[in-house]
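Observations on the model geometry
Read off the chains here:
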Amino acid sequence: MTTKAPALALTIAGSEATGGAGAQADLKTFQELGVFGIVNLTCIVSFDPKDNWNHRFVPLDQQVIADQLEATTAAYGAASGAPTVLETVKIGMLGSPATITTVETALKVAGFKNVVLDPVLICKGQEPGHALDTDAALKAQILPLATFVTPNHFEAESLSGMSINNLEDLKAAARKIHEISGAAVLAKGGVRLEGANAVDVFFDGETLEVLSAPKVGDVAVSGAGCSLAAAVTAELAKGATPLEAARTAKAFVTEGIKNRVSSGAPFTALWQGGAGS
Ligand code: PXL
């Protein structure tokens, strides 16, 4: 019996040591959705339980990041001769202007068809001056290369320059972010907007769709944003349209939040694998 070759997806992301967010969430999501996942790490985040669980952030050496991208592209890129070519990438936490430049260069060389950007703007505990430089570099260098972007409430305010207090604001911000980037946008209200439902807005320049699901609790769950963008990435890799990918991703994350895992940390973590059990 021959099995069909899986679709491929790469995540360029940071490790989050407790396994809830970051590259670990991406890889678990890819696997659950039947996609062969590849991870190129940018940094390692270890929460600090002695300091209010703030983020200890260690970037990887630029050469190590470039080496991973080189290996991945040589094995699966357009010029690799691989029977199934890597066309789809997710960008998670980059964390520094230097890493943003390294990744920008690799993206331009690789010419991926689908570039899903989860615009992780600040990391709790990062030095503010450094974080601002990183935000500016992400907007200037990576956002224009994205074909799909998944800002949360805070990131949507930052990217659109608008204040978002209700669904109409979220729709306006999604339109604005599309205008700036040219990308399909899935702007997430999540638990940040009032109401019984967790509401997100999809806009691709033509279709505006509100995606809504009853809130599961009213506290953000670690890994929800990463898993949503990773699920979009997996679905695009399998050939879904951006709107179909957004709908499937929303349902996947809602289920993962229902199955969330508790720990000694003061937050829970989304579980991608609980649907069938
Ligand atoms: O959820 C955003 C995020 C992304 N990537 C890494 C993280 C976090 C949040 O903790 O640690 C590596």
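Just so you know, the residues in each chain are numbered from 1, in the order the chain's sequence is written. Local features in this predicted model are restricted to residues of pLDDT 70 or higher, and side-chain atom pairs are both shown and tallied only at a pLDDT of 80 or more, whereas totals for entire chains, interfaces and linings draw on every residue. Hydrogens and waters are ignored; side-chain quantities use all the structure's heavy atoms.

**Re the sheet that holds strand β7 (residues 184-190)**
Strand pairing in a sheet relies on backbone hydrogen bonds, with the paired strands running either antiparallel or parallel. Note the cut-off: Note on pairing: two strands pair once DSSP finds at least 2 bridges between them. By definition, any uninterrupted DSSP run of H or I lasting at least four residues is a helix, any uninterrupted run of E lasting at least two residues is a strand, and each is numbered from the N terminus. Any two residues whose heavy atoms approach within 4.5 Å are treated as being in contact. Only C-alpha atoms enter the line fits that serve as axes; for helices the fit covers just the stretch in contact. Angles between N-to-C directions range over 0 to 180 degrees.
One open sheet accounts for nine strands, arranged β3-β2-β1-β4-β5-β6-β7-β8-β9; its pairing is mixed. The open sheet has two edge strands with one neighbour each: β3 (54-59) and β9 (208-214). Sheet analysis places strand β8 (residues 197-203) next to β9, joined by seven bridges and oriented antiparallel. Opposite Phe 202, over in β9, you have Glu 209 as the bridge partner. Against the sheet, helix α3 (residues 97-110) touches β1 (8-16), β2 (36-48), β4 (88-91) and β5 (114-117), its axis set at about 170° to β4. Sheet contacts for helix α8 (residues 242-258): β6 (148-149), β7, β8 and β9; angle to β9, the most-contacted strand, approximately 10°.

**What to know about the site of the ligand**
Under the convention used in this document: Throughout, near means a residue has at least one heavy atom within 4 Å of the molecule or strand. Here the term charged refers only to Asp, Glu, Lys and Arg, the term nonpolar to Ala, Val, Leu, Ile, Met, Phe, Trp, Tyr, Cys and Pro, and the term polar to all other amino acids, Gly among them.
Lining the immediate surroundings of the ligand are Gly 14, Ser 15, Glu 16, Gly 22, Val 45, Phe 47, His 55, Met 93 and Cys 226. Those elements that place two or more of their residues in the shell around the ligand are β1 and β2. Considering every element that reaches the shell around the ligand, the biggest residue donor is β1, with three residues. Its residues assigned to classes, the shell around the ligand shows four nonpolar, four polar and one charged.

**Describing the packing of aromatic side chains**
Let me state the cut-off plainly: A pair of aromatic rings is counted whenever rings of Phe, Tyr or Trp (Trp by its six-membered ring) have centres within 6.5 Å, and the orientation is called stacked for planes under 30 degrees apart, edge-to-face for over 60 and tilted otherwise. Burial here depends on accessible area, computed with a 1.4 Å probe over protein chains only, as a share of the maximum for the residue type. Under 20% is buried, over 50% is exposed, and the range in between is partly exposed.
Within the structure shown, the criterion is met by four aromatic pairs. Ring centres 5.9 Å apart and planes at 55° place the aromatic pair Phe 36 and Tyr 76 in the tilted group. With a gap of 40 residues between them, Phe 36 in strand β2 and Tyr 76 in helix α2 (residues 62-76) connect regions that are remote in the sequence. The class of Phe 36 is partly exposed, set by a relative accessible area of 36%. The rings of Phe 47, Trp 53 and Phe 267 are connected pair by pair, giving a single aromatic cluster.

**Some points on unusual backbone geometry**
Residue Asn 52 is not a glycine yet carries a positive backbone phi of 55°. On the basis of relative accessible area, Asn 52 is assigned to the exposed category, the value being 58%.

**Focus on the packing of helix α1 (residues 22-32) against helix α7 (residues 224-237)**
Put simply, the rule is: Any angle that falls under 35 degrees is termed roughly parallel, while one over 145 is termed roughly antiparallel, one within 65 to 115 roughly perpendicular, and all others oblique. Left-handed describes a crossing whose near helix is turned anticlockwise from the far helix by less than a right angle; the clockwise case is right-handed.
Between α1 and α7, whose axes approach to 8 Å, the crossing angle comes to 40°. Compared by their axis directions, α1 and α7 come out oblique. As for the relative orientation of α1 and α7, their crossing is right-handed in sense. Residue-level contacts link Gly 22, Ala 25, Asp 26, Thr 29 and Phe 30 of α1 to Cys 226, Ser 227, Ala 230, Ala 231, Thr 233 and Ala 234 of α7. Of the residues that constitute the contact of α1 with α7, the class distribution is six nonpolar, four polar and one charged.

**A short note on the pairing of β1**
Of all nine residues in β1, nine are buried; the element is thus mostly enclosed. In the sheet, β1 pairs with β2 via eight bridges, with the strands oriented parallel. By the bridge assignment, Leu 10 is partnered in β2 with Ile 38. Pairing geometry for β1 and β4, over three bridges, is parallel. For Thr 11, the partnering residue across the bridge sits in β4 and is Lys 90.

**Thoughts on the nonpolar core**
Quick note on the threshold: Remark: nonpolar core denotes a set of buried residues (Ala, Val, Leu, Ile, Met, Phe, Trp, Tyr, Cys) joined through side-chain atoms within 4.5 Å.
Counting residues in hydrophobic clusters, the biggest one holds 37 residues, and the most contacted among them are Ile 12, Ile 91 and Leu 107. With near-sequence residues (within four places) excluded, Leu 107 lies in contact with Ile 12, Val 89, Ile 91, Phe 112, Val 115, Ile 142 and Leu 145. One finds Ala 7, Leu 186, Leu 211 and Ala 230 within the second-largest nonpolar core, a separate group that totals 30 residues.

**A word on the pattern of salt bridges**
Note the cut-off: Counted as salt bridges are all cases of a side-chain nitrogen of Lys or Arg within 4 Å of a carboxyl oxygen of Asp or Glu.
For the coordinates displayed, the defined rule picks out nine salt bridges. Of the charged contacts in the structure, one is a salt bridge between Asp 48 and Arg 56, with a shortest N-O distance of 3.7 Å.

**Notes on the side chain of Glu 209**
Worth spelling out the cut-off: For this analysis, a polar contact is any N or O atom pair within 3.5 Å, provided that within protein one partner can donate a hydrogen and the other can accept it, and provided that sequence-adjacent residues contribute only side-chain to side-chain pairs.
As for its placement among the helices and strands, Glu 209 is situated in strand β9. Within polar-contact distance, the side chain of Glu 209 engages the side chain of Arg 247 at 2.8 Å. With residues up to four places along the chain from it excluded, the contact list for Glu 209 reads Asp 200, Val 201, Phe 202, Leu 243 and Arg 247.

**Focus on helix α5 (residues 153-160)**
Heads up, the rule is: Directions pointing from the helix axis toward each C-beta atom define the arc.
When we look at burial in α5, the residues that qualify are His 153, Glu 155, Ala 156, Leu 159 and Ser 160. Down the axis of α5, the buried side of the element spans an arc of 165°, and every buried residue falls inside it.

**Focus: the pairing of β4**
For clarity, the cut-off: Note on handedness: a crossover is taken as right-handed if, strands pointing away from the viewer, the path from the first strand over the helix to the second is clockwise.
Neither face of β4 is left uncovered, since the one carrying Thr 88 and Lys 90 and the one carrying Val 89 and Ile 91 both have all their residues buried. In this structure, β4 lies alongside β5, joined through four bridges in parallel fashion. Looking at the pairing, Val 89 lines up with Val 115 of β5. Note that the unit made of β4, α3 and β5 has a crossover that is right-handed.

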